[in-house]
Amino acid sequence: MATDELTSKLSRRLQIEDGTEEPVAVDVPGQQNGSEDKASTANADSELGAKLLRRGELNEGQGEHVQPSMKVFNPYTEFKEFSRKQIKDMEKMFKTYDAGKDNYIDLMELKLMMEKLGAPQTHIGLKNMIKEVDEDLDNKLSFREFLLIFRKSAAGELAEDSGLSVLARLSEIDVSTEGVKGAKTFFEAKVQAINESNRFEAEIRQEQEEKKKQVEEQKQRKAAFKELQSAFK
């Protein structure tokens, strides 16, 4: 019943907005003094009207859908121009300045970052820095947008005196050795894809070997400690 009544009201409101039906004032007994209820109803009507208008624009192709700022992605496959170590270094830096631990760097956190890097920026300068890579227009940097800074830097797409260029230059993360590669032919692209795949696998193997080495060293330290303990018994 409640759904049917709401549907009827929405249909009537749309007819009134289209001019196909005249609005009719209805007196409800016992609510002549209900100013607070009227104000609440007016706010709800306004919000509902805005949502209806927005939906109508989207249906007619006039509005644009805004993608959510939180986006699950694999940085190793999307940013193939960087090595796993480079991406891990960028992630470590990102988490260092994500003081709120909400997986974003907002305006104040970016301000603190630039100050610690020795290149403080004005309020407008900070906003422009975010705006340059803020794809979802939420006025803060996700990790993916943070990686875009270094992609643009490696590709030479940042102005020399821009805040983002300064950030990339002072971050101590060298991306110039990898760069953003562009293949001119299909064969070249094929070879490049194979090389990137081999490099990726080699990096994983290297990480696994390092972990095995750490585990082995830890076992040796424990064995040596136990041997030392037994010597004193």
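Residues numbered from 1 in each chain as written. Predicted model: local features only at pLDDT ≥ 70, side-chain atom pairs only at ≥ 80, totals over all residues. Heavy atoms only, no water.

A. Layout of the overall build of the protein. Within the protein one finds nine helices and zero strands. Looking at the protein residue by residue over its 233 residues, the buried ones come to 25%. Residue pairs at least 24 apart in sequence account for 54% of intrachain contacts in the protein once pairs closer than 6 positions are excluded. Looking at the protein as shown, the accessible area adds up to about 17200 Å², and 53% of this sits on carbon and sulfur atoms. (Helix = DSSP H or I, 4+ residues; strand = E, 2+ residues; numbered from the N terminus. Buried < 20%, exposed > 50% of the residue type's maximum accessible area, 1.4 Å probe, protein only. Contact = heavy atoms within 4.5 Å. Areas by Shrake-Rupley, 256 points an atom, 1.4 Å probe, with all protein chains shown as cover.)

B. Quick peek at the UniProt feature "domain: EF-hand" (unreviewed entry) in the protein. With numbering matched to this structure, UniProt assigns "domain: EF-hand" (unreviewed entry) to residues 85–120 and 121–156. The span residues 85–120 shows a helical share of 64% and a strand share of 0%, and its end C-alpha atoms are spaced 28 Å apart. In residues 121–156, helix accounts for 64% and strand for 0%; the two terminal C-alpha atoms are 21 Å from one another. (UniProt positions renumbered as here; feature names shortened; annotations may be inferred.)

C. Expanded view of the nonpolar core. If you look at the biggest cluster of nonpolar residues, it comprises 33 residues, and the most contacted ones within it are F146, F150 and L167. Secondary-structure elements contributing two or more residues to this core are helix 4 (84–97), helix 5 (107–116), helix 6 (123–133), helix 7 (143–154) and helix 8 (163–170). Top contributing element to this core by residue count: helix 7, with six residues. Setting aside anything within four residues of it in sequence, one finds F146 in contact with M90, M93, F94, I105, M113 and L167. (Core = buried A, V, L, I, M, F, W, Y, C linked by side-chain atoms within 4.5 Å.)

D. Representation of the packing of aromatic side chains. Considering all chains together, one arrives at four aromatic pairs under this definition. Seen from their ring centres, F79 and F82 are 6.5 Å apart, and the 10° between their planes marks the pair as stacked. The buried category is assigned to F79, whose relative accessible area is 0%. The exposure class assigned to F82 is buried, which follows from its relative accessible area of 2%. (Phe/Tyr/Trp six-rings, centres within 6.5 Å; stacked < 30°, edge-to-face > 60°.)

E. Region of interest: the environment of N103. With respect to the helices and strands, the residue N103 is situated in the loop between helix 4 and helix 5. Sequence spacing of N103 and F143 is 40 residues, and the spatial spacing of their C-alpha atoms is 7.0 Å.

F. Quick peek at helix 5. Within helix 5 the residues assigned to the buried category are L107, E109, L110, M113 and M114. Looking straight down helix 5, one finds its buried side chains confined to an arc of 160°; they lie on one side. Away from its buried face by more than 90 degrees, helix 5 exposes M108 and K116. Tucked inside the fold, the buried residues of helix 5 contact helix 4, helix 6, helix 7 and helix 8. Its side-chain oxygen placed 3.2 Å from the backbone nitrogen of M108, D106 serves as the N-cap of helix 5. (Arc of directions from axis to C-beta. Polar contact = N/O pair within 3.5 Å; in protein donor to acceptor, adjacent residues only side chain to side chain.)

G. Focus on the packing of helix 5 against helix 6. Direction vectors running N to C along helix 5 and helix 6 enclose 105°, while the axes themselves pass 10 Å from each other. Considering their axes alone, helix 5 and helix 6 lie roughly perpendicular with respect to each other. Only H123, L126, K127, M129 and I130 of helix 6 make contact with helix 5, whose side of the interface consists of L107, L110, K111 and M114. In terms of residue class, the contact of helix 5 with helix 6 is built from six nonpolar, one polar and two charged. (Axes fitted to C-alpha atoms, helices over the stretch in contact; angles between N-to-C directions. Parallel < 35°, antiparallel > 145°, perpendicular 65-115°, else oblique. Nonpolar A, V, L, I, M, F, W, Y, C, P; charged D, E, K, R; others polar.)

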